[in-house]
Amino acid sequence: MADAGKTGDVNISERSTAPKAPTVEIPASLSVKQLAELLRITPIEAIKQLMRSGIMANINQVIDYKLAAAIAKSFGYTPKPKPKITKGLGTAREIKRQIKKEEKRGGLQPRPPVVTIMGHVDHGKTKLLDAIRQSNVVDTEAGGITQHIGAYQVEVNGKKITFLDTPGHEAFTAMRARGAQITDIAVLVVAADDGVQPQTLEAIAHAKAAGVPIIVAINKIDKPEANPDLVKQQLAEAELLVEEWGGDVISLPVSAKEKRGISELLENILLVAEMEELKGNPLQPAVGVVIEAQLDKFKGPLATVLIQNGTLKLGDTMVVGTTWGRVKAMFNDLGKQVKKADPATPVEVLGLSEVPGVGDILTGVADEARARVLIQKRQAQTKQAKALRLDTFYDQIKTGQVKELNIILKTDVQGSIEPIRTSLERLSTEVVKVSIIHASTGNINENDVMLSIASNALIIGFNAGVEPGARMLADTKGIDIRNYDIIYTIVDDVQKALQGLLEPVVVEVVEGRAEIRVVFPAAKAAKVAGSYVTEGTVKRNAQVRVLRKNKVVAESTVGSLRRFKEDVKEVAAGFECGMGLKDFHDFQEGDILEFFRKEKSSQS
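Residues numbered from 1 in each chain as written. Predicted model: local features only at pLDDT ≥ 70, side-chain atom pairs only at ≥ 80, totals over all residues. Heavy atoms only, no water.

K.L.:
An account of the pairing of strand E6 (residues 114–119) is requested, with residue identities and associated values reported.
P.N.:
The buried fraction of E6 amounts to six of the six residues, a majority that puts the element mostly inside the structure. Residues of E6 alternate between two faces, with Val114, Thr116 and Met118 on one and Val115, Ile117 and Gly119 on the opposite face, all of them buried. Across five bridges, E6 lies against strand E9 (residues 185–191) in parallel orientation. Counted as the bridge partner of Gly119 is Val189 from E9. (Buried < 20%, exposed > 50% of the residue type's maximum accessible area, 1.4 Å probe, protein only. Helix = DSSP H or I, 4+ residues; strand = E, 2+ residues; numbered from the N terminus. Pairing = 2+ DSSP bridges.)

Structure (structure tokens):
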């Protein structure tokens, strides 16, 4: 078989294209199947085109950009290299800018990489970390499942590596959602005997959205049923190409149980870290992220903090989230008291006035006055922060706030994903790019909402339900979830949003209900409804509908509202009141008054 990774003197006949050929972004390497999906052709057509050029390839054959670009041209596309996802979110960008400035001034020093272990729940994440640390972490956890976030440092050949052992990608993304990008490298653990699972796919999506390099640890190779090659194939289908398949993702066979492949994994982590050129300035005030927090009944508020840049010292004044304090004591991952913490060092900090939240940002400041100013600034920024909404997306494009529309896609069946993905990504323009950052089947869950918060993404469901917890979290955070049952409508709405033509969805929100128990006469043939508020709140000037035997007999607004002959602005549930409606007086005892307001909604 000819080498499908090189074009050589391949002569691919190019079809004549229209003056404005559609652009397609092609990664450095991809499989024939993935190329076919990008070009919206069948894999057979792609294979035939390769055969015409003298290249014999199967559906899983990996080809390089040059050959893929030639194939794309032959089908009427203008190819261009797909850019790598850039790292950074919120505070992470601030730290990056700060480090760049410091790089010009000098004083930067290499720092340890921060590594997160991710993967399916029982694929051996904690056992792998246990093998690395040479200590039994698993036995301290209930049922062998990780219960909390831990941060540990190990030393390899005189160089340190900081590991975060999290309950999974949910915690990883929760911190990103708070504006904290703490991970430099993600180690994806996949069991060789179980392969890629739904949680594995979610972990891949979250790591890609964060823009961090991924190293795959194929665990449990000691098992007789282990099949590493199948794992690599499944990863390729998930658009994660390992080096053996022509990609740039390092994959290593390991056995946490037998401690095989551990040293190779650590060496490769250091290699990737070296390529990333990770640096920090220990001379600057500390900037870090809370990865665990609790209230100790003897010590008070405790926060486990990963210092990202600068140095935190005993006695330093610090702002963490919207609380502050002075460093009274610090303990390293071994429980020993330390006097300072350098970049990429995890420490437990004592001295805060309140328990901070996980993902809160720690910033070292000069004094209490500076601390209060920074807290006020953060509180204002929190109020101003707005989630992405499809009906206001065009305004953000015009003001230059966004150049990419990130979408999380959930469908009822696998077959619906690719048609919707390709239809939406075709809507990309030179001004704004449409990207499907995660697509899977099943109901929209809290994990999807967390990814949406962290990546500022819209959630689109196609014949997919929304789990109650996800709905509550989305409503709280203002996340736009849109449900559809026709693909054309999805594409039409997104296209209108890109052009500023999408009308906001208006829904009614019921604010309260009241039952009319007695009707009083009033001046000039008017009547007053003596009512008992059964739910919510009644407000003056609120919109109201009158229900009689479950049928609407009128819609109006509350003109007057009284309690004990005194005018009031509102009446809560459990209280009686008298009210008059504008242009409606035909009340009857037993009528139900339903008070509502209309608002723009993220739900369709």
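K.L.:
Go over the sheet that holds strand E22 (residues 404–411), please, and point to the residues and values.
P.N.:
Across the sheet, four strands lie side by side as E23-E22-E24-E25; this open sheet has parallel pairing. Each end of this open sheet is capped by a strand with a single partner; those strands are strand E23 (433–441) and strand E25 (481–484). Strand-to-strand, the axes of this sheet are offset by a mean angle of 25°, without reference to chain direction. Pairing geometry for strand E24 (residues 457–462) and E25, over four bridges, is parallel. Considered in E25, the bridge of Phe462 is made with Tyr484. In this fold helix H12 (residues 417–425) packs onto E22, E23 and E24, with an angle of close to 170° to the strand it touches most, E23. (Axes fitted to C-alpha atoms, helices over the stretch in contact; angles between N-to-C directions. Contact = heavy atoms within 4.5 Å.)

K.L.:
Just give me the short version of helix H3 (residues 65–74), but keep the residues and values in it.
P.N.:
All of the buried residues along H3 are Leu67, Ala68, Ala69, Ile71, Ala72 and Ser74. Those residues of H3 hidden inside the fold are in contact with strand E1 (23–26), strand E2 (29–31), helix H1 (32–39), helix H2 (43–52), strand E3 (62–64) and strand E4 (78–81). After H3 finishes, the residue Gly76 shows a positive phi value of roughly 90°.

K.L.:
Would you mind going over helix H9 (residues 262–276) in detail, with residue names and values included?
P.N.:
With 15 residues, H9 extends 21 Å from end C-alpha to end C-alpha; this agrees with the ideal 21 Å at 1.5 Å per step. Considered for burial, the residues of H9 that qualify are Ile262, Leu265, Leu266, Asn268, Ile269, Leu270, Val272 and Ala273. Downstream of H9 by a residue or two, Glu277 has a phi angle that is positive, lying close to 55°. (Expected span 1.5 Å × (residues − 1).)

K.L.:
Go over the environment of Ala454 with me, naming the residues and quoting the values.
P.N.:
On the secondary structure map, Ala454 appears in helix H13 (residues 446–455). In the structure, Ala454 is positioned 245 residues away from Ala209 in sequence and 8.6 Å away in space, judged by C-alpha atoms.

K.L.:
Hey, could you go over the pattern of salt bridges for me, with residue numbers and the actual values?
P.N.:
As enumerated under the stated definition, the model contains 19 salt bridges in all. Residues Arg545 and Glu594 are paired through a salt bridge, measuring 2.8 Å at the closest nitrogen-oxygen approach. Residue Arg545 is located in strand E28 (residues 543–548), and its partner Glu594 is located in strand E33 (residues 592–601); the two are separated by 49 residues in the primary sequence. Accessibility expressed as a relative area gives 9% for Glu594, which makes it buried. One salt bridge connects Arg548 with Asp591, and the closest N-O pair in it is separated by 2.8 Å. Residue Arg548 is located in strand E28, and its partner Asp591 is located in the loop between strand E32 (576–581) and E33; the two are separated by 43 residues in the primary sequence. Of the two residues, Arg548 and Asp591, neither departs from the other in class, the shared state being buried. One salt-bridge network, in which partners are shared between bridges, spans Arg513, Glu535, Arg545, Glu555 and Glu594. (Salt bridge = Lys/Arg side-chain N within 4 Å of Asp/Glu carboxyl O.)

K.L.:
How would you summarise the nonpolar core if you had to cite specific residues and measurements?
P.N.:
Residues Leu128, Ile161, Phe163 and Ile269 are the most contacted members of the largest nonpolar core, which totals 28 residues. Elements with a minimum of two residues in this core: E6, helix H5 (125–133), strand E7 (150–156), strand E8 (159–165), E9, strand E10 (214–219), strand E11 (250–253) and H9. Looking at this core element by element, the count peaks at seven residues for H9. Ile269 has contacts with Pro113, Val115, Ile161, Phe163, Ile185, Val187 and Ile215, leaving out every residue within four places of it along the chain. (Core = buried A, V, L, I, M, F, W, Y, C linked by side-chain atoms within 4.5 Å.)

K.L.:
Quick one: what's the story with the packing of H12 against helix H15 (residues 487–499), residue by residue and with numbers?
P.N.:
Contact geometry for H12 and H15: axes closest at 10 Å, N-to-C directions at 25°. Put simply, H12 runs roughly parallel to H15. Pair H12 / H15 crosses with right-handed handedness. Taken together, the residues of H15 that come into contact with H12 (itself represented by Pro419, Ile420, Ser423 and Leu424) are Ile487, Ile490, Val491 and Val494. Its residues assigned to classes, the contact of H12 with H15 comprises seven nonpolar, one polar and no charged. (Parallel < 35°, antiparallel > 145°, perpendicular 65-115°, else oblique. Left-handed = near helix turned anticlockwise from the far one by under 90°. Nonpolar A, V, L, I, M, F, W, Y, C, P; charged D, E, K, R; others polar.)

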